[in-house]
Structure formats: C-alpha cells, structure tokens
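Now for the letters of each chain:
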Amino acid sequence: MVRAGAVGTHLPTSSLDIFGDLRKMNKRQLYYQVLNFAMIVSSALMIWKGLIVLTGSESPIVVVLSGSMEPAFHRGDLLFLTNFREDPIRAGEIVVFKVEGRDIPIVHRVIKVHEKDNGDIKFLTKGDNNEVDDRGLYKEGQNWLEKKDVVGRARGQDGFSERYYYGKHEIPGEERSSLQEQHLQFKQANPVLKPAGACRSLAVRMDSGSEGL
Amino acid sequence: MNTLLSRANSLFAFTLSVMAALTLGCILTTAFKDRSAPVSLKVSRVLLKKVEDFTGPRKRSDLGFITFHISADLEKTFDWNVKQLFLYLSAEYSTKSNAVNQVVLWDKILLRGENPKLDLKDVKSKYFFFDDGHGLKGNRNVTLTLSWQVIPIAGILPLVTGSGRVSVPFPDSYEIATAF
C-alpha cells in the first residue's frame, strides 16, 4: 500500500531511480538525509580518532605492502599497532618505523638494542625475509634508529588475507623473468606500509609488477 | 526487501558482521593461552676479538663469537591458530656505557607442521655479536635466552621467553678462546 505524502516508503519505478526519489522529497527530508549522512561520516571519524588516542599511534591500522617479513606477514595483511612510549623497545619486537626523508613506514623486527641509563635507546632492525639488516635503508650515515622514528609496534593481525599458511606457496605456472626477479628482490629488501585510513579502502590488492615503493 | 540490490546489500552487510564476530570469537579462544615452554641452553665455546665494526658504525668494538647448544620442546605452543613461531636467541648484558644491551645472535622460523622438538648442537651465531664499545671484555654476566614470537593466523602477536637461560662469562683478554 502506498500512502500519499509519506516519502521514503514510496516505491521507485526501478531499483536505480535514485534521483526520482530525491526529487520527490521536500527540503526538510533532504536536509534530514544530508544530516544523517554527516552523522555516519563523523561517527566513523570519531571512532578512528578515538582509536588513534587509545593506541597512541598516529596510524593504528596498517597494510603490509611487501614481502620482507614473509612468512609471518604477506602482502595485504592488516596489522594493528600500539605506541605506548613508556614500554621500552626490546629485541624481537616488530616495530613500524619511518626513515627520515621517506614517508612510507617500514615494518621490521628489532635485532639489536643499546639503552643508556637515562633512557636513550638506539636500535637496529632487520626484515625476517631479508639477508642483511636495515642499515642500507636508513638515511645516509645513519646506523641506528631512535624512539622518535617509531610509528608503532605490531600487536596483532587479522586473518582475512592470509591464504597460504602451510609454508611457501607458488602459484603454479607463474614464471618470472630475471628482471621481475630482480624487481622482487629489490622490493623484498625495501618493505613498505600504507596507513589505512577510515576513508580509504582497508585491503589493498597487489599485483606483482605494478606498484612502486 | 524486494529488489535485488537491497537484498544483496543486506546479505553483504550481514556476512561482514558475522565474519567479524567469528574472527573475534576465534581470536578470543586462543588469545590468553600460555605459550611458554621449557628450554635448555648450553654454551660450548666463547671467543672475544676487537675489530672495527664493519656492519655499521666504523669504530673498534668488541666482537664476540659464541657456539652453543639449544634444546627445546615447542609442541605445546602450537595450535590451530598459530601460523609459525619466530625463534630467536638473544644475548642480554649490561656495560659501563649502556645499561641494557640486547643482541640477537641466531634466529629460526618454525612453521606449523615442522618438527617442534629442537635439539641443535654446536650452533654458531648467525649474526655478528658487536658491542657498542668495549663492554664484552671481562663481562661475567652475558645472559643468553631463547625467545619466540607467536604469529597467529588472526589475533595478537605475543612475545614469549623460554624458561631456560645460560650466563656466559666473557674472557678478560682478546683472541683467547674458552671452551666449556
């Protein structure tokens, strides 16, 4: 049954007749819809900002973009970070850090820590899947990272993009040319992360040749 | 609920909510499990040198060489939610210039399905044991511990230290190997 004047319950002529719907609304209904939309967007924003405050990290959810921490984290995995600065940095922890001059953070494991009595810490990192430590990734002449470079520490992951957890899994028939192999090695040694914002898509699908650092 | 789009929309939203709830439930069933295990560590050989640190800061630092034995049974730490264990042997010690020093000497990735009982003898350190200075000489209290990080399929990433530890006394002078 259709009641005249009751907007919103009026059945559109086709399922895609959105603009017909809009035209039939009066000004008040339109404002209501706009405010509704604004409420949803600001709730999402509040939740996101609240998460930033709760975890202490400027980017609490990140997406792994490269394979330098395989087989622990594969491309497309989501990591949840916290950054409580009172917790000391210790060997074995997975930290997300930014190198000066680069805006994409890197997720690697801490392998060396030297902490002074007054709390000054310098530490070195290395990706699980890399042969060498990260000194090649730091700034020219920089040998250690400090607390100020840390964006957060990885505390958890979601399981959704993990498909091959019984060991290395190559897609059969996928042969790589030597140039692609070099590109892959370079990418493995230069791991990247992308912060996942509330307004950006959370899962980033990668194909092997097309993304840069 | 009579157009294809609205039905698809409802179905999609419901599926997402259910999957999120399921994942949370799965995470909760294994989040508070005790992941520790007994570990037995023994050191068989220690050598101390003083070399220019070629891995980074170019200053002469103490370089230690340790050969050790590891024995651990990690079967109880694996369950359906554990993808792999990242094992690492770290040396922790204190020097005059730095209150806390930790250096990872050796690591191993243990995937689910591989043999969880470790019995390794005469393992040489994988990474160079450089100190930030000369703090290893005569240091009686360098403690080796085996720790592991549990990588779940979904959930938190806990770091657990095994219960066994061994203290390595470093020699008072350079280039003299001590066997235990």
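On a predicted model such as this, the values are computed, not experimentally measured, just so you know.

### Looking at the pairing of strand 4 (residues 100–111) of chain B
Two faces belong to every sheet, and in a regular strand the side chains alternate between them.
And then number 1: The buried fraction of strand 4 of chain B amounts to 10 of the 12 residues, a majority that puts the element mostly inside the structure.
And then number 2: Relative to strand 4 of chain B, strand 4 (residues 106–115) of chain A runs antiparallel, the two sharing four bridges. Within strand 4 of chain B, the residue paired with Val113 of chain A across the bridge is Gln102 of chain B.
And then number 3: In the sheet, strand 3 (residues 82–93) of chain B pairs with strand 4 of chain B via 10 bridges, with the strands oriented antiparallel. Its bridge partner lying in strand 4 of chain B, Ala91 of chain B is registered against Val103 of chain B.
And then number 4: Hairpin connection between strand 3 of chain B and strand 4 of chain B: a loop of six residues separates the two successive antiparallel strands.

### Quick word on the interface of chain B and chain A
And then number 1: The interface is formed by 37 residues belonging to chain B together with 38 residues belonging to chain A.
And then number 2: Both sides of the chain B and chain A interface together cover about 3200 Å² of buried area, and 56% of this is carbon and sulfur.
And then number 3: Considering only the surface of chain B that becomes buried against chain A, Lys83, Gln102 and Leu157 of chain B emerge as the three largest contributors, covering 19% of it.
And then number 4: Summed over the shared surface of chain B and chain A, the result is one salt bridge.
And then number 5: Here Asp132 of chain B ties to Lys122 of chain A by a salt bridge, and the two come within 3.0 Å at their closest N and O atoms.
And then number 6: For the pair chain B and chain A, the number of links is 17 residue pairs in polar contact (both at pLDDT 80 or more).
And then number 7: When residues of the side of chain B that touches chain A are traced back to their parent elements, those giving at least two are helix 1 (4–31), strand 3, strand 4, strand 7 (142–152) and strand 8 (155–156) of chain B.
And then number 8: Considering every element that reaches the side of chain B that touches chain A, the biggest residue donor is strand 4 of chain B, with seven residues.

### What to know about the UniProt feature "domain: Peptidase S24/S26A/S26B/S26C" (unreviewed entry) in chain A
And then number 1: In the UniProt entry, the feature "domain: Peptidase S24/S26A/S26B/S26C" (unreviewed entry) is given for residues 54–139 of chain A.
And then number 2: Secondary structure content for residues 54–139 of chain A is 2% helix and 34% strand, and the end C-alpha separation is 31 Å.

### As for the nonpolar core
And then number 1: With 35 residues, the main nonpolar core has Phe129, Leu144 and Trp148 of chain B as its most contacted residues.
And then number 2: The element contributing the most residues to this core is strand 3 of chain B, with six residues.
And then number 3: Within the second largest apolar cluster, 21 residues are counted, among which are Ile106, Val113 and Tyr138 of chain A together with Val104 of chain B.

### Things to note about a nonpolar patch on the surface
All names here are of chain B.
And then number 1: Residues Phe14, Val18 and Leu22 make up a contiguous nonpolar surface patch of about 310 Å² in total accessible area.
And then number 2: Position of Leu22 relative to the elements: it lies in helix 1.
And then number 3: When its relative accessible area of 55% is taken as the criterion, Leu22 is described as exposed.

Each value, and the rule that gives it
- Residues numbered from 1 in each chain as written.
- Chains lettered and ligands numbered in written order.
- Predicted model: local features only at pLDDT ≥ 70, side-chain atom pairs only at ≥ 80, totals over all residues.
- Heavy atoms only, no water.
- Buried < 20%, exposed > 50% of the residue type's maximum accessible area, 1.4 Å probe, protein only.
- Helix = DSSP H or I, 4+ residues; strand = E, 2+ residues; numbered from the N terminus.
- Pairing = 2+ DSSP bridges.
- Contact = heavy atoms within 4.5 Å.
- Buried area = accessible area lost by both parts, 1.4 Å probe.
- Salt bridge = Lys/Arg side-chain N within 4 Å of Asp/Glu carboxyl O.
- Polar contact = N/O pair within 3.5 Å; in protein donor to acceptor, adjacent residues only side chain to side chain.
- UniProt positions renumbered as here; feature names shortened; annotations may be inferred.
- Core = buried A, V, L, I, M, F, W, Y, C linked by side-chain atoms within 4.5 Å.
- Patch = residues over 30% accessible without salt bridge, like charges linked within 9 Å, V, L, I, M, F, W, Y side chains within 5 Å.
- Areas by Shrake-Rupley, 256 points an atom, 1.4 Å probe, with all protein chains shown as cover.

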